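# Structural overview for review
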Amino acid sequence: RVYPALRPMTTGIGSSTPNPVLKKRDDFEDVLEERRNSSDLRYALRCYTPALYKGLVPCKASMLKSIVLQSDSLQYVVGQSREAVQEEAALLLEEMAHRLQLGTIRFFAFTLSKAFKALFRGVCVNEEGIQRLQQAIQEHPVVLLPSHRSYMDFLMMSYILYTYDLALPVIAAGMDFISMKFVGEMLRMSGAFFIRRSFGGDKLYWAVFSEYVKTMLRNGYAPIEFFLEGTRSRTGKSLTPKTGLLNIVMEPFFKGEVFDVNLVPVSISYERILEESLYARELLGVPKPKESTSGLLKARRILSEDYGSMHVYFGHPVSIRSLAQGHISRSQHNLLPRHIPQKPTADTQAFVNDTAFRLVRLQEENMVLKPWVLLATLLLQNPDGMDLSTLTEQADWLRRLALAFGAFLDWPDHEPCSKVISSSLALHKNLVCVSGGRVRLVVEELPGAESATEEAGFNRAVSVLSCASYRNQILHLFVRPALIAVAMQTANCSRKDEVFNCFNFLRNVFSNEFILCPGAAVQDFEEACYLLGKCGAVQELQQDLVMSQSGQTTLAFLCSVLDPFLQGYQVVFHTNTQKYRYVHTFTRFNVSTCVMILITAYTIKSRQTSPHSVQPLCAVFEVFSLLILSLTKSTKRSNKVPEKRTGKESDSVLWSTLKAVCVKTLVLI
């Protein structure tokens, strides 16, 4: 596709709401610049005197454990059988608790300085956000909520806070790390506390863990840090937030034990992700390597690679007290003593869930997008490659469209577009090559004809999925307008209510694929209409929504953004309904039938206009579970109960389907 120049438009960074006030974002400073010009040892051993919560001196880690074990909440759960259960509780606490030591922090400060200078061209931080965080830490308990794209995230967070003389966080880490000899204990002594991936209904473990976190929060021991998404995103998209830990840190406010809690969303953006190839292989079914010290030592070869720059944006602190005003009544917690556990009410859980989605949206809005994200988007829509001149022209077009939609884009102002693109292509030479003035995706070639087809297909898929993980970083910007573009193409008329119905249906289907806040369909529709009108793609009349004369290019691009997901879902549906009939349990509610008809109709239309756009890149393992989850939610909304299957039968069907979908994906790619 060739996307011509946009009509004149405002290219400033603005809010996505109607009649927005231009949003000024903070300036960045490179924290590695000083490190390159001074001694790392002097940096690690410098005087460290962070400002603390209300000026209090934190208690020692051993005292913190005593407070938890003697708390009324834990004693209530322990009950009468005190000795045996109390001993088990002490062992659980010993397993999870951190042992923060300044000496270990200084060791990491020295070694990470060496590593980061080798890996990154720069680590850019918004210092205004640091100043806001410093003030927030002194006023109320603080919870840091970084985005999670790499293992580097939590190391970088502690490194930055140490650099700016802020209180170091205690970090929720998975039990996977504790099995790493030497490294696990080093992480514990740098502030990590370890939690199991699943509690499995263990009430004692839950009581010990929740009381440990709440005690640190109530006492202002240190900022608490955890990842709302729960795990690293392998696809580059934000994951649906997990609310377990968020419930725990909000509970002291609900019960009146603290005046307020500040939630600080942090957006961490990488120009090149260290695990990009590993993620693509995991998505295609290759087992995740187990965390180990030997594996870490083998990974030291990455120090010779260039991973470009990264940006860390500390967002504005979000006050739980302000959010809850008018939405949550805390009086219900006065009916029982505070130490007695209470199950959250439906209103409370809805509030926590809504807050979690808002925070992830804030993370997305402050993600800094690199030029490569735009190039990856265009290259995936042209799988046979593009002329460098055409790629340059279209990248400039897409840059202006992204800015009009409110993108936070790191694009050098005073450099020619061609130079910016050449630099970006050079950094990602493992994914793309330039030959004879043409840009193509790199596919590793294998010797021998035997099994070459299968291996070549797999390597092609790894390359494409790696590229797609960067394309996915910009989806939060385009997904709502893209849903309208698809709805306009699929609806039978231009009436706004018909387009909205189709938009809302697609939004529900993709509710687990993208961060779409529950109950915000009307707001999303109106904001997307505003953006499309702003760039001249559509005209919003009183009752109709029609494409403008110059809007076909923009709408065609937006439709192609959703192509991989629509076609990926179609592959999953086709495989299940035709061969395994797993989804037929939902057909009596017309859920899968409606989705199949809608997606097939759209796909046929899109192939008629663009026959080379077949990109079922998202038909990988996670799509099946996301799709089934969407269908399950749809059936719950219809108040019907799907037919039951036994656990073994269901697992067998699921596993067989996953393998079949993956094989079909490789063929189609």
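- The name given to the protein in an unreviewed UniProt entry is Phospholipid/glycerol acyltransferase domain-containing protein, and the organism recorded there is Pygocentrus nattereri.
- Recorded in UniProt under Subcellular location (unreviewed entry), the annotation for the protein is "Membrane".
- Check the Pathway (unreviewed entry) section of the UniProt entry for the protein; it says "Phospholipid metabolism."

### Re the overall build of the protein
- Tallying secondary structure elements over the protein gives 26 helices and 14 strands in all.
- Looking at the protein as a whole, 54% of its 669 residues are labelled buried.
- Across the protein, every contact between residues at least 6 apart in sequence was considered, and the portion connecting residues at least 24 apart equals 80%.

### Topic: empty space enclosed by the protein
- Applying the stated criterion to the full structure yields 4 cavities of 30 Å³ or more.
- Roughly 230 Å³ of internal volume is contained in the largest cavity.
- Forming the boundary of the largest cavity are 21 residues, of which Arg149, Gly236, Ser238, Gln473 and His476 lie nearest the centre.
- Mapped by element, the contributors of at least two residues to the lining of the largest cavity are strand 7 (262-270) and helix 20 (475-490).

### Observations regarding the packing of aromatic side chains
- The final tally for this structure, using the stated rule, is 25 aromatic pairs.
- Ring geometry for phenylalanine 193 versus phenylalanine 209: centroids 6.3 Å apart, planes at 40°, classification tilted. Here phenylalanine 193, found in strand 5 (residues 192-195), pairs with phenylalanine 209, found in helix 10 (residues 203-218); they are 16 residues apart in sequence, far enough to count as distant. Phenylalanine 209 matches phenylalanine 193 in its accessibility class, with the two residues each being buried.
- An aromatic cluster of three or more residues is present, and its members are Tyr43, Tyr48, Phe116, Phe120, Tyr159, Tyr162 and Tyr270.
- Directly above the ring of tyrosine 307 sits arginine 272, whose terminal nitrogen or CZ lies 4.5 Å from the centroid.

### Considering the side chain of arginine 188
- Of note, arginine 188 is situated in helix 9 (residues 183-188).
- Assessed through its relative accessible area of 3%, arginine 188 is described here as buried.
- At 3.1 Å, the side chain of arginine 188 and the backbone oxygen of glutamate 95 are in polar contact.
- The residues contacting arginine 188, other than those within four sequence positions of it, are Glu94, Glu95, Met96, Ala97, His98, Arg99, Leu100, Ile178 and Phe194.

### Observations regarding the packing of helix 21 (residues 496-509) against helix 22 (residues 521-534)
- Packing of helix 21 against helix 22 brings their axes to within 10 Å, and their N-to-C directions diverge by 115°. Crossing of helix 21 against helix 22: the hand is right-handed. Here Lys496, Val499, Phe500, Phe503, Asn504 and Arg507 of helix 21 come into contact with helix 22, specifically with Ala521, Val522, Asp524 and Phe525.
- Broken down by class, the residue content of the contact of helix 21 with helix 22 amounts to 6 nonpolar, 1 polar and 3 charged.

### Re the sheet that holds strand 10 (residues 386-387)
- Reading across the sheet, the 3 strands line up as 10-12-11 and stay open at both edges, with antiparallel pairing between neighbours. A strand with exactly one partner marks an edge of an open sheet, and here the two such strands are strand 10 and strand 11 (432-435).
- In the sheet, strand 10 pairs with strand 12 (residues 438-441) via 2 bridges, with the strands oriented antiparallel. The partner of methionine 386 across the bridge, within strand 12, is valine 439.

### Thoughts on a negative patch on the surface
- A surface patch of like charges, here negative, comprises Asp27, Glu29, Glu33, Glu34 and Glu127.
- Within the secondary structure, aspartate 27 sits in the segment before strand 1 (28-30).

### Points about the pairing of strand 8 (residues 309-314)
- Among the 6 residues that make up strand 8, 6 are buried, leaving the element largely enclosed by the rest of the structure.
- The two faces of strand 8 match: Ser309, His311 and Tyr313 on one face and Met310, Val312 and Phe314 on the other face are all buried.
- With 4 bridges joining them, strand 2 (residues 122-126) and strand 8 adopt parallel strand pairing. Within strand 8, the residue paired with valine 125 across the bridge is valine 312.
- As judged from the 5 bridges shared by strand 7 and strand 8, these two strands associate in the antiparallel manner. Within strand 8, the position partnered with isoleucine 268 by the bridge is valine 312.

### Some words on the layout of surface pockets
- The calculated volume of the second largest pocket comes to roughly 790 Å³.
- What lines the second largest pocket is a set of 30 residues, and nearest its centre among them are Ile195, Arg196, Arg197, Gly230 and Leu245.
- Elements with a minimum of two residues in the lining of the second largest pocket: strand 4 (170-174), helix 10 and helix 11 (244-254).
- For the lining of the second largest pocket, the element with the highest residue contribution is strand 4, accounting for 4 residues.
- For the lining of the second largest pocket, the per-class residue count stands at 15 nonpolar, 6 polar and 9 charged.

### Concerning the packing of helix 16 (residues 371-380) against helix 17 (residues 388-404)
- Look at helix 16 against helix 17: their axes get within 10 Å of each other, and the N-to-C directions meet at 120°. In this view, helix 16 runs oblique relative to helix 17, as classed from their interaxial angle. Of the two elements, helix 16 crosses helix 17, and the hand of that crossing is right-handed. Between helix 16 and helix 17, the contacting residues are Leu374, Leu375, Thr377 and Leu378 on the first element and Leu391, Gln394, Ala395, Leu398 and Arg399 on the second.
- A class-by-class count of the residues in the contact of helix 16 with helix 17 yields 6 nonpolar, 2 polar and 1 charged.

What counts and what doesn't
Residues numbered from 1 in each chain as written. Predicted model: local features only at pLDDT ≥ 70, side-chain atom pairs only at ≥ 80, totals over all residues. Heavy atoms only, no water. UniProt positions renumbered as here; feature names shortened; annotations may be inferred. Helix = DSSP H or I, 4+ residues; strand = E, 2+ residues; numbered from the N terminus. Buried < 20%, exposed > 50% of the residue type's maximum accessible area, 1.4 Å probe, protein only. Contact = heavy atoms within 4.5 Å. 1 Å grid on protein atoms, 1.4 Å probe; cavity = no way out; pocket = protein on both sides within 12 Å on 5 of 7 lines; lining within 4 Å. Points joined across faces, edges and corners; volume = space filled by probe spheres on them. Phe/Tyr/Trp six-rings, centres within 6.5 Å; stacked < 30°, edge-to-face > 60°. Lys NZ or Arg CZ within 6 Å of the ring centre and 35° of its normal. Polar contact = N/O pair within 3.5 Å; in protein donor to acceptor, adjacent residues only side chain to side chain. Axes fitted to C-alpha atoms, helices over the stretch in contact; angles between N-to-C directions. Left-handed = near helix turned anticlockwise from the far one by under 90°. Nonpolar A, V, L, I, M, F, W, Y, C, P; charged D, E, K, R; others polar. Pairing = 2+ DSSP bridges. Patch = residues over 30% accessible without salt bridge, like charges linked within 9 Å, V, L, I, M, F, W, Y side chains within 5 Å. Areas by Shrake-Rupley, 256 points an atom, 1.4 Å probe, with all protein chains shown as cover. Salt bridge = Lys/Arg side-chain N within 4 Å of Asp/Glu carboxyl O. Lys, Arg positive; Asp, Glu negative; His and termini not counted. Charge placed at Lys NZ, Arg CZ, Asp CG, Glu CD. Parallel < 35°, antiparallel > 145°, perpendicular 65-115°, else oblique.

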